[in-house]
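Inside the fold
Chain residues, written in single-letter form:
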Amino acid sequence: MTPAATDRARQRAGYSLIELLVAMTMLLAVTAAAWSLFQSQSKAFRNNVDRWEMIENARGALEGAQRVVRTMGAGTVSGQPVIVFGAGDVLAFNTDYIEADTVSVRWATYYNADTPVAETTAWDIADATTIPNSSPAYTYPSATYDLANGSVSPAETYIFYFEPDASTARGDDYILYQRVNNGTPEIVARNILVHPNGNPFFQYMMKRTLATGDTLMPVPDADIPLIRQSLTGAVSASDSADFVRPDSVVAVRMNFRLTNGQSGTNERFRDITTTIEVPNNGIPQASVCGRAPLAPGGLAGVEALPGSGSITFTWGSSADQDGGEGDVLQYILFRRPATATTWGGPLVVVKAVAGQSSYTATIGGNTPGTSYLFGVAAQDCTPSQSTMTTFSITPP
């Protein structure tokens, strides 16, 4: 065979075994690298999704609780407790947090027309039930709390509590629930574990003054649960301290670990400890100026010197002076002849005094034997006036 024929034969021979093995090895290496990159990117994507879900869960748990807890005590009326029940896994308190009525707005923190009416006012005693997780079992309310005019208090009861999550395989997994009055519980957050520092989910912080300055200290375990109850003459000194201790709480601390719902090497978690101030707790009921105060009480007494045209009369204070809104600044007196249809201008202004149950004023210039209608209205700082309390008097 000539050299030219030999070259042509080699050209027709194809790849050698060594060349094929080298090509396959290179292909496997490229495929393995691509697969490794895909696996790495896929794992990173899953981790990012888990991390995002965990962050969203953390945000839901914190914001869902914080924005309500910090308002505790807002809109409560005289005698209505701010902290109802406080323990390591349950916090119940009163606040005027939400309102569904736009006609007679009651200054709630939020407005939502879709909120059930029963969850926008004080919890009715007819629907009283046991506070979740309360030990000893505590039934609330023991009374229906009303404004001075008899309408129900606008402050509803919010309950945050932790319960084991029966839907997961983990025995240490909890759900944070929120309930309003006796309504249906709603899930605030899940995939919650006990904080690794061992502190309870809820701690109640009191201000203490030390040599180094003011600091917050948790209520001792021996004083938990906190139950705000009314004081009576039959209460012992120690019971009295227990009954009012909830008023000393200035902040609520929450401790928990949030996870992505996984276990083992796939678990991701974030430890949370946050302190929520509760500035409305333990302070006197705030005055609310803007809504017309309730009318004064009726006529309590009349004195008149015959023929003088002068009348001295006494009337009762408004229920909003020392209760209810607590916003009465003064009383204004008016007069008109019994046959007239319109009132004259204000005759006398009497300053309201805290704790005073009745007021006396003298009005002269009346014609003896003529019937007059006198009116007294309570006025607040806006100034808004109540409806008039009227009484008919004929000076002798």
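For the structure itself, consult the block above.
The structure reproduced in this document is the subject of the present report.

A look at a nonpolar patch on the surface
Together, Leu-17, Leu-20, Leu-21 and Met-24 line one region of the surface with nonpolar side chains, adding up to about 410 Å² of accessible area. Tracing the backbone through its elements, the reader meets Leu-17 in helix α2 (residues 17-69).

Some points on unusual backbone geometry
Cis geometry marks the peptide bond from Tyr-140 to Pro-141; its omega dihedral reads 0°. By the secondary structure assignment, Pro-141 is in the loop between β6 (139-140) and β7 (156-164). With an omega of 10°, the peptide bond between Ile-224 and Pro-225 qualifies as cis. Examined against the element boundaries, Pro-225 turns out to sit in the loop between β11 (213-218) and β12 (226-227). Backbone geometry places Asn-181, a non-glycine residue, at a positive phi of 50°. Mapped onto the secondary structure, Asn-181 falls in the loop between β8 (174-180) and β9 (186-193). Backbone geometry at Asn-191 places phi at a positive 60°, although glycine is not the residue there. Along the chain, Asn-191 falls in strand β9.

What about the sheet that holds strand β17 (residues 330-337)?
Pairing is antiparallel in the open sheet, where 4 strands are placed in the order β18-β17-β20-β21. Pairing within the sheet leaves two strands with one partner each, and these edge strands are β18 (348-351) and β21 (389-393). Taking each pair of neighbouring strands and ignoring which way they run, the sheet shows an average axis angle of 25°. Pairing of strand β20 (residues 372-379) with β21 involves 5 bridges; the strand directions are antiparallel. Bridge assignment links Phe-374 to a residue of β21, and that residue is Phe-391.

Examining the packing of aromatic side chains
Evaluation of the coordinates by the stated rule reveals 18 aromatic pairs. Connected via pairs of aromatic rings, a cluster forms that spans Phe-313, Trp-315, Tyr-331, Tyr-359, Tyr-372, Phe-374 and Phe-391. For the cation-ring pair, Arg-257 lies above Phe-269, with the distance from its terminal atom to the ring centre recorded as 3.7 Å. Directly above the aromatic system of Tyr-372 lies the positively charged group of Arg-335, at a separation of 5.7 Å from the ring centroid.

Regarding the nonpolar core
Val-69, Met-72, Phe-160, Phe-202 and Phe-256 are the most contacted members of the largest nonpolar core, which totals 33 residues. When contributions to this core are tallied by element, the ones reaching two or more residues are α2, β2 (90-95), β7, β8, β9, β10 (202-210), β13 (249-259) and β14 (269-277). Counting 17 residues, the second largest nonpolar core, distinct from the first, contains Phe-313, Trp-315, Phe-374 and Ile-393.

Quick look at the sheet that holds strand β16 (residues 311-316)
As summarised here, the arrangement of the 3 strands in space is β15-β16-β19, forming an open sheet in which the pairing is antiparallel. The open sheet has two edge strands with one neighbour each: β15 (299-304) and β19 (358-363). Averaged over all pairs of adjacent strands, the angle between strand axes in this sheet comes to 15°, irrespective of strand direction.

Scoring rules and cut-offs
Residues numbered from 1 in each chain as written. Predicted model: local features only at pLDDT ≥ 70, side-chain atom pairs only at ≥ 80, totals over all residues. Heavy atoms only, no water. Patch = residues over 30% accessible without salt bridge, like charges linked within 9 Å, V, L, I, M, F, W, Y side chains within 5 Å. Areas by Shrake-Rupley, 256 points an atom, 1.4 Å probe, with all protein chains shown as cover. Salt bridge = Lys/Arg side-chain N within 4 Å of Asp/Glu carboxyl O. Helix = DSSP H or I, 4+ residues; strand = E, 2+ residues; numbered from the N terminus. Pairing = 2+ DSSP bridges. Axes fitted to C-alpha atoms, helices over the stretch in contact; angles between N-to-C directions. Phe/Tyr/Trp six-rings, centres within 6.5 Å; stacked < 30°, edge-to-face > 60°. Lys NZ or Arg CZ within 6 Å of the ring centre and 35° of its normal. Core = buried A, V, L, I, M, F, W, Y, C linked by side-chain atoms within 4.5 Å. Buried < 20%, exposed > 50% of the residue type's maximum accessible area, 1.4 Å probe, protein only.

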